[in-house]
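Each chain, written out:
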Amino acid sequence: MSQTITIDGKEIPFSEGQTIMDAAIAADIYIPHLCHNPDYTPHGSCKLCTVKVNGRNCSACTFPATEGQEIQNQSDELEKDRKRITQMLFVEGNHFCPSCEKTGNCQLQGVAYYLDMHDNHFPHFFANREVDSSHPEILIDHNRCIFCNLCVRASQEKDHKNVFAISGRGINKRLIINSISGQLKDSDIAIDDCAAHICPTGAILIKRTGYQVPIGERIYDKQKIDAVALAKENKDHG
Amino acid sequence: MADKFKVATTSLAGCFGCHMSFLDIDERMIELAKHVEFDRSPITDIEHCSPCDIGLIEGGVCNSENVHVLREFRKNCKILVAVGACAINGGLPAMRNHIPLEECLNESYIDGIGVENGQIPNDPELPLLLDKVHPIHEIVKVDYYLPGCPPSADVFWAFLSDLIAGKEPSLPYDLVHFD
């Protein structure tokens, strides 16, 4: 007998070992997320995928689906929480969309648009972050890093290289690069690595490719992130 | 007409791009003028705000004069609107925020390429720069935000049309852009 969970009143099947996020994606239900990518081990750090499981807040990307769970994904409260989380991500870094090559293709922006976020609500940190342009083909702009850990996971799990890590805690948290100089040019990264292409924001960019598609004709200019994410994640894993 | 909406506009640390985009509503300006009259604005050259219904603020806050103007708008406008990326998050001017102000001034007026006999401007009529550029919601309460660099003419039109019609303003997905 197949097992089921209920998301916003809709009964959906799941198989043993699936998380709530896995089951939701397979059933074409979008739960907002940034640090999650079905190709990699779930990390559970961005908290955007927070859902209520039997009345308690859980991260859908890490929480195992179990028989009979009642899950709330869409509610005013969860939408407001998600908007506040996204606003915190915006004020923690320096996200100046008009000057970013990734604008329109940026998942952080895509989620903000999806949540109808018009402002950043909180005072800005204006944190002092560096740009590492040492590598001939790949640029790192730490101003835009949201510590989702995807480049860390991609480098370890797919590229088998271990180029990135997150160091420090809280306000001192930062992305570090595994090389003697600490610069990208002295690391093992190559342009074809998954880690060079996985960044959901404009923190890791391939040089000289940023404006191949004009602003206004990019992914989230035309489509909401729920449709984009489900189409991609279902194609790869459905 | 006594029942027209009074609208004031200003550009603080902005580039006037948002005002130019507002003017891009083109012939819809004629329709707008039936419902709206402009108070303090670069469009009218009125220098100080009188009590208004709507204040549109372009640009962030980078100097002492910006603070005074913003407070004058907040005091006089029932609805205060942050227009564009700079008003909302400081925008491109705020990219100086991680550089000490003295270094910025030295680069522009003392050490910059082609500067001869440089000196940092110090006329009492010049407003003093703040050490950081701030979004306007860090200084006054803001009622609505129109994102974009600049917000398109359709954003201005949709927003003002809603307000004039007495509706709660909302923007459809395709009008929300941060770039």
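Caption draft 1: Broad picture of the overall build of chain A. What chain A contains, in helices and strands, is six helices and 10 strands. A compact globule built from 238 residues should have a C-alpha radius of gyration of about 18 Å, and chain A, at 18 Å, falls within 12% of that. Sequence-distant contacts in chain A: of pairs separated by 6 or more residues, those separated by 24 or more amount to 66%.

Caption draft 2: Quick look at the confidence of the model for chain B. The share of residues in chain B with pLDDT of 70 or more is 99%, and the mean pLDDT across the chain is 96. Predicted complex metrics record ipTM = 0.94 and pTM = 0.96.

Caption draft 3: Main features of the environment of Gln109(A). Tracing the sequence through the fold places Gln109(A) in helix α3 (residues 107-114). Accessibility expressed as a C-beta count within 10 Å gives 30 for Gln109(A), which makes it buried.

Caption draft 4: Spatial organisation of the environment of Ala87(B). Residue and element names in this part refer to chain B. Within the element layout of this structure, Ala 87 appears in helix α4 (residues 84-89). Given 31 C-beta atoms within 10 Å, Ala 87 falls into the buried group. Here the alpha-carbon distance between Ala 87 and Ser 11, two residues 76 residues apart in the chain, equals 9.1 Å. Leaving out residues up to four positions away in the same chain, Ala 87 has contacts with Ile 57, Glu 58, Gly 59, Gly 60, Ala 82, Pro 135 and Ile 136.

Caption draft 5: Structural context of the pairing of strand β1 (residues 5-11) of chain B. Residue and element names in this part refer to chain B. The buried fraction of β1 amounts to five of the seven residues, a majority that puts the element mostly inside the structure. Note: β1 against strand β2 (residues 36-38), three bridges, orientation parallel. Across the sheet, residue Phe 5 finds its bridge partner in β2, namely Val 36. Bridging between β1 and strand β3 (residues 52-58) involves five bridges; their strand directions are parallel.

Caption draft 6: Expanded view of the nonpolar core. Ranked by internal contacts, the top residues of the largest apolar core, which has 101 residues, are Ile20(A), Ala24(A), Ala60(A), Cys151(A), Ile57(B) and Ala82(B). In this structure, this core is formed jointly by two domains, domain 1 (3-74) and domain 2 (81-228) of chain A, each of which donates at least three residues. Setting aside anything within four residues of it in sequence, one finds Ala82(B) in contact with Asp119(A), Ile57(B), Ala87(B), Ile88(B), Ile136(B), His137(B), Val142(B) and Tyr145(B).

Caption draft 7: Quick peek at the sheet that holds β2(B). Residues and elements named next belong to chain B. One open sheet accounts for five strands, arranged β2-β1-β3-β5-β7; its pairing is parallel. Looking at strand neighbours, the two that pair on one side only are β2 and β7 (144-146), the edges of this open sheet. Strand after strand, the sheet turns through a mean of 30 degrees between neighbouring axes, direction not considered. Bridge count between β3 and strand β5 (residues 77-83): six bridges; the pairing is parallel.

Caption draft 8: Seen up close, the interface of chain B and chain A. Counting residues at the interface gives 22 residues for chain B, matched by 18 residues for chain A. By residue number, the principal contributor to the side of chain B that touches chain A is α4(B), which donates three residues. Of the residues in the side of chain B that touches chain A, the class split is 13 nonpolar, six polar and three charged.

Caption draft 9: Summary view of the sheet that holds strand β5 (residues 70-72) of chain A. Residues and elements named next belong to chain A. Reading across the sheet, the five strands line up as β2-β1-β5-β3-β4 and stay open at both edges, with mixed pairing between neighbours. In the strand order of this sheet, the two ends are held by β2 (10-14) and β4 (56-59), each with one partner. Put simply, the sheet's adjacent strands are angled 40 degrees from each other on average, direction ignored. Bridge count for strand β3 (residues 50-53) against β5 is two bridges, and the pairing is antiparallel. Among the inter-strand pairings, Val 53 is bridged to a residue of β5, identified as Ile 71.

Caption draft 10: Local environment of the pairing of strand β8 (residues 164-167) of chain A. Residue and element names in this part refer to chain A. Pairing analysis gives four bridges linking β8 to strand β9 (residues 174-177), with the strands arranged antiparallel. Note on β9: the bridge partner recorded for Ser 167 is Arg 174. Here β8 folds back onto β9 in antiparallel fashion, the turn holding six residues, of which Gly 168 has a positive phi close to 80 degrees.

The rules behind the values
Residues numbered from 1 in each chain as written. Chains lettered and ligands numbered in written order. Predicted model: local features only at pLDDT ≥ 70, side-chain atom pairs only at ≥ 80, totals over all residues. Helix = DSSP H or I, 4+ residues; strand = E, 2+ residues; numbered from the N terminus. Rg over C-alpha atoms; globule rule 2.2 N^0.38 Å. Contact = placed C-beta atoms within 7 Å. pLDDT = per-residue confidence, 0-100. Buried ≥ 20, exposed ≤ 12 C-beta atoms within 10 Å, placed from the backbone. Pairing = 2+ DSSP bridges. Core = buried A, V, L, I, M, F, W, Y, C linked by C-beta atoms within 7 Å. Domains from an automatic or database assignment. Axes fitted to C-alpha atoms, helices over the stretch in contact; angles between N-to-C directions. Nonpolar A, V, L, I, M, F, W, Y, C, P; charged D, E, K, R; others polar.

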